Amino acid sequence: MSGHSKWANIKIRKGKQDAIKGVVYTKLAKLIAIAARDGGSDPSSNAKLKEAIAKAKANNMPNDRIDRAMKKGAGELSNSNFETITYEGYGAGGIAVIVEALTDNKNRTAGEVRHIFDKHGGNLGTSGCVSYMFERQGSILVASEAEIGEETLMDLALEAGAQDFISNEDGYEIITSPAGFQAVFDAIENAGIPTVQAEIAMNPTIETEIADIEIVKRFMKMLDMFESNDDVQEVYHNALLPEEAQEM
């Protein structure tokens, strides 16, 4: 995925998340709690928990909420049956979409995901129907306003094991392997450099440019419904959206 399109999509998503910060924190808390339940509450020996905490910090989630989520995972959720399920499908205009959900009722969640696709001119597909157009990678975004030079940041990231470094007017994207994500994130965090986003995500290798505003509107409404769903944790897509999408 190009650095430009990555930042454009982040601007759209970030604006919507800021408007529903409570929903975002609730989802992150559930992700942290389940990771703590499954692998213990020590991030140094629980990679999934460490990744979830990194994502929470990148979204400015308060430390006390992170701590409460870990304690909840170790206690209250010890006998819960939450599981991670991935759905694949197409949105309006043939946009490839991957939905990652964390649910204690997969029949309910599958029905809701299918309804959201259908309602907005898309369709839920079978496993593997679009995932071949994506690659799982670590992605760390640092804004151009950060008080660090480009070469210094690039050297720091590459020395910590980053695979690629992309620069544009919005800032810097540091690409890592899934296994190398934490080491690079730790190096950046320890250097006191703030991040805009830090996560292991499904990045598209094939993109679909959407110029029809009506299709864009329909697709944005679908994303809004997914973001508002309690079970949905992440939505990835391969759309190259116009600047107007930031206002929708």
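Quick summary incoming for the structure in this document. (Residues numbered from 1 in each chain as written. Predicted model: local features only at pLDDT ≥ 70, side-chain atom pairs only at ≥ 80, totals over all residues. Heavy atoms only, no water.)

Overview of the layout of surface pockets
Rolled over the atoms, a probe sized like a water molecule indicates the empty space that remains.
Phase 1 of the analysis: Roughly 540 Å³ of internal volume is contained in the largest pocket.
Phase 2 of the analysis: Looking at the largest pocket, it is lined by 23 residues, and the ones nearest its centre are L31, K48, E51, T84 and E100.
Phase 3 of the analysis: Elements represented by at least two residues in the lining of the largest pocket include exactly helix 2 (21–39), helix 3 (47–58), strand 1 (83–90), strand 2 (96–103) and strand 9 (232–237).
Phase 4 of the analysis: At 6 residues, the largest contribution of residues to the lining of the largest pocket is made by helix 2.
Phase 5 of the analysis: In terms of residue class, the lining of the largest pocket is built from 9 nonpolar, 5 polar and 9 charged. (1 Å grid on protein atoms, 1.4 Å probe; cavity = no way out; pocket = protein on both sides within 12 Å on 5 of 7 lines; lining within 4 Å. Points joined across faces, edges and corners; volume = space filled by probe spheres on them. Helix = DSSP H or I, 4+ residues; strand = E, 2+ residues; numbered from the N terminus. Nonpolar A, V, L, I, M, F, W, Y, C, P; charged D, E, K, R; others polar.)

Details of the nonpolar core
Phase 1 of the analysis: With 21 residues, the main nonpolar core has V97, V99, F117, F219 and F226 as its most contacted residues.
Phase 2 of the analysis: Elements supplying a minimum of two residues to this core: strand 1, strand 2, helix 5 (106–119), helix 8 (213–228) and strand 9.
Phase 3 of the analysis: Sort the elements by how many residues they give to this core and helix 8 lands first, with 6 residues.
Phase 4 of the analysis: Setting aside anything within four residues of it in sequence, one finds F226 in contact with K27, V99, V113, I116, F117, V232 and V235.
Phase 5 of the analysis: In this structure, A157, F185, I193 and A198 belong to the second largest nonpolar core, which totals 19 residues. (Core = buried A, V, L, I, M, F, W, Y, C linked by side-chain atoms within 4.5 Å. Buried < 20%, exposed > 50% of the residue type's maximum accessible area, 1.4 Å probe, protein only. Contact = heavy atoms within 4.5 Å.)

Regarding helix 7 (residues 181–190)
Phase 1 of the analysis: Along helix 7, the residues that are buried comprise F181, Q182, V184, F185, D186 and I188.
Phase 2 of the analysis: On the buried face of helix 7, the contacting elements are helix 3, strand 4 (134–143), helix 6 (150–160), strand 6 (171–176) and strand 7 (197–204).
Phase 3 of the analysis: Remark: G192 follows helix 7 within two positions and exhibits a positive phi of approximately 75 degrees.

Considering the packing of helix 6 against helix 7
Phase 1 of the analysis: Between helix 6 and helix 7, the shortest axis-to-axis distance is 8 Å and the interhelical angle comes to 145 degrees. Where helix 6 crosses over helix 7, the two elements pack in a sense that is right-handed. The residues of helix 7 that touch helix 6, namely those facing L156, A157 and A160, are A183, V184, A187 and I188.
Phase 2 of the analysis: The residue inventory of the contact of helix 6 with helix 7, partitioned by class, reads 7 nonpolar, no polar and no charged. (Axes fitted to C-alpha atoms, helices over the stretch in contact; angles between N-to-C directions. Left-handed = near helix turned anticlockwise from the far one by under 90°.)

What about the environment of D38?
Phase 1 of the analysis: Looking at where D38 falls in the secondary structure, it is placed in helix 2.
Phase 2 of the analysis: The exposed category is assigned to D38, whose relative accessible area is 56%.
Phase 3 of the analysis: Here the side chain of D38 touches R37 through a polar contact of 2.7 Å, side chain to side chain. (Polar contact = N/O pair within 3.5 Å; in protein donor to acceptor, adjacent residues only side chain to side chain.)

Re the pattern of salt bridges
Phase 1 of the analysis: Overall, the coordinates contain 10 salt bridges when judged by the stated rule.
Phase 2 of the analysis: Across the pair D38 and R37 runs a salt bridge whose closest N-O atoms are separated by 2.7 Å.
Phase 3 of the analysis: Of the residues examined, R37 reaches a relative accessible area of 19% and is grouped as buried.
Phase 4 of the analysis: One salt-bridge network, held together by shared partners, links K30, D104, R108 and D231. (Salt bridge = Lys/Arg side-chain N within 4 Å of Asp/Glu carboxyl O.)

Observations concerning the sheet that holds strand 7
Phase 1 of the analysis: An order of 5-6-4-7 is seen for the 4 strands of this open sheet, with the pairing classed as antiparallel. For this open sheet the edge positions go to strand 5 (164–167) and strand 7, each flanked by a neighbour on one side alone. Across the sheet, the axes of successive neighbouring strands diverge by a mean angle of 30 degrees, strand direction being ignored.
Phase 2 of the analysis: In this sheet, strand 7 lies alongside strand 4 in antiparallel orientation, the contact comprising 8 bridges. Its bridge partner being in strand 7, L141 is matched across the sheet by Q197. (Pairing = 2+ DSSP bridges.)

Quick word on unusual backbone geometry
Phase 1 of the analysis: Of note, the phi angle at N60 is positive, near 60 degrees, even though the residue is not glycine.
Phase 2 of the analysis: As for its position among the elements, N60 is in the loop between helix 3 and helix 4 (63–74).

A word on the environment of T84
Phase 1 of the analysis: Residue position: T84 is located in strand 1.
Phase 2 of the analysis: Under the relative-accessibility criterion, T84 is labelled exposed at 58%.

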